[in-house]
Amino acid sequence: MNSLPFATWITERIAEFGFVENQDYIAISQNREIGHGRGRKDYHLTLDTAKELAMVEHNDKGRQVRRYFIECEKLLHQQSSTVIAPHRECLPKMVYHHQSKYNPYGAYVWNGEKNVYIGVYPTVDDAVAAQQLFYKNGHVKRIRKVQPEISDAEKEMFIGNLHAVLHNFRRIDEIWRSRLRPALEVMDSKLV
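Our subject in this report is the structure included herewith. All values derive from a computational prediction rather than experimental measurement. (Residues numbered from 1 in each chain as written. Predicted model: local features only at pLDDT ≥ 70, side-chain atom pairs only at ≥ 80, totals over all residues. Heavy atoms only, no water.)

1. Description of the pattern of salt bridges
Part 1 of the reasoning: Summed over all chains, the structure comprises 5 salt bridges.
Part 2 of the reasoning: The shortest N-O distance in the salt bridge between Lys-51 and Asp-48 comes to 3.3 Å. Remark: Asp-48 and Lys-51 occur in helix H2 (residues 47-56); sequence separation between them is 3 residues, near one turn of the helix.
Part 3 of the reasoning: The exposure class assigned to Lys-51 is buried, which follows from its relative accessible area of 7%.
Part 4 of the reasoning: Between Arg-177 and Asp-173 there is a salt bridge whose closest N-O contact spans 2.8 Å. One end of the pair is Arg-177 and the other is Asp-173, both in helix H5 (residues 152-186) and 4 residues apart, which spans about a single turn. (Salt bridge = Lys/Arg side-chain N within 4 Å of Asp/Glu carboxyl O. Helix = DSSP H or I, 4+ residues; strand = E, 2+ residues; numbered from the N terminus. Buried < 20%, exposed > 50% of the residue type's maximum accessible area, 1.4 Å probe, protein only.)

Below, the structure is given as structure tokens:
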């Protein structure tokens, strides 16, 4: 196997891909003692730069890296499709899912000219009742969001979950930066 010396390989890649010193990598000169050879440079690459270099290599390792990131994106798509739309029920006309824990149903009505937003409600029945009230009176009295009392057990569970996320944040961020994000960026995914 005939391979380039590292110094030649890295300088060619830096030029080819337009990596920017002090942004994508840092080059540090290492002065050796007199009589032990000339100085050398150590290259410290950012994680994104290292991933990009790994993915563009035309060898077995480069192919392995590309396949790994393709597999990561497939898994992400599978997971996101189940997270984004879990068990959506059929809703009455002009009642839609709303992203709210306490009032997950948004209601609209047609006033003869356009759709009119009437509010968000805790149940489908409340949303339908608001629509009917609008058609009857021409307006709807807004329902104030009333958050239910949170039990001590729920508070403890939330705090425990928050501690777990904070404790593992570095690892979560590392996985995102090192595995998922680069693969998605290479594939120009909208998930980035």
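Next comes the rest of the account.
2. Structural notes on the packing of aromatic side chains
How two aromatic rings sit relative to each other is given by the distance of their centres and the angle of their planes.
Part 1 of the reasoning: Overall, the coordinates contain 6 aromatic pairs when judged by the stated rule.
Part 2 of the reasoning: With a centroid separation of 5.8 Å and an interplanar angle of 35°, the aromatic rings of Phe-6 and Trp-9 are classed as tilted. In this pair, Phe-6 and Trp-9 are both assigned in helix H1 (residues 6-17), 3 residues apart and thus about one turn of the helix distant.
Part 3 of the reasoning: We classify Phe-6 as partly exposed; its relative accessible area is 47%.
Part 4 of the reasoning: Relative to Tyr-43, the ring of Tyr-25 lies with its centre 6.0 Å away and its plane at 45°, an arrangement referred to as tilted. With a gap of 18 residues between them, Tyr-25 in strand S1 (residues 25-30) and Tyr-43 in strand S2 (residues 40-45) connect regions that are remote in the sequence. Of the two residues, Tyr-25 and Tyr-43, both sit in the buried class. (Phe/Tyr/Trp six-rings, centres within 6.5 Å; stacked < 30°, edge-to-face > 60°.)

3. Some words on the nonpolar core
Part 1 of the reasoning: With 11 residues, the main nonpolar core is built from Val-95, Tyr-105, Ala-107, Val-109, Val-116, Ile-118, Tyr-121, Val-124, Ala-127, Ala-130 and Phe-134.
Part 2 of the reasoning: The set of elements that each furnish at least two residues to this core consists of strand S4 (105-110), strand S5 (115-121) and helix H4 (124-137).
Part 3 of the reasoning: The leading source of residues in this core is H4, at 4 residues.
Part 4 of the reasoning: Contacts of Val-116, omitting those with residues within four sequence positions, involve Ala-107, Tyr-108, Val-109, Asn-111 and Phe-134.
Part 5 of the reasoning: Phe-19, Tyr-25, Tyr-43 and Leu-53 belong to the second-largest nonpolar core, a separate cluster that totals 7 residues. (Core = buried A, V, L, I, M, F, W, Y, C linked by side-chain atoms within 4.5 Å. Contact = heavy atoms within 4.5 Å.)

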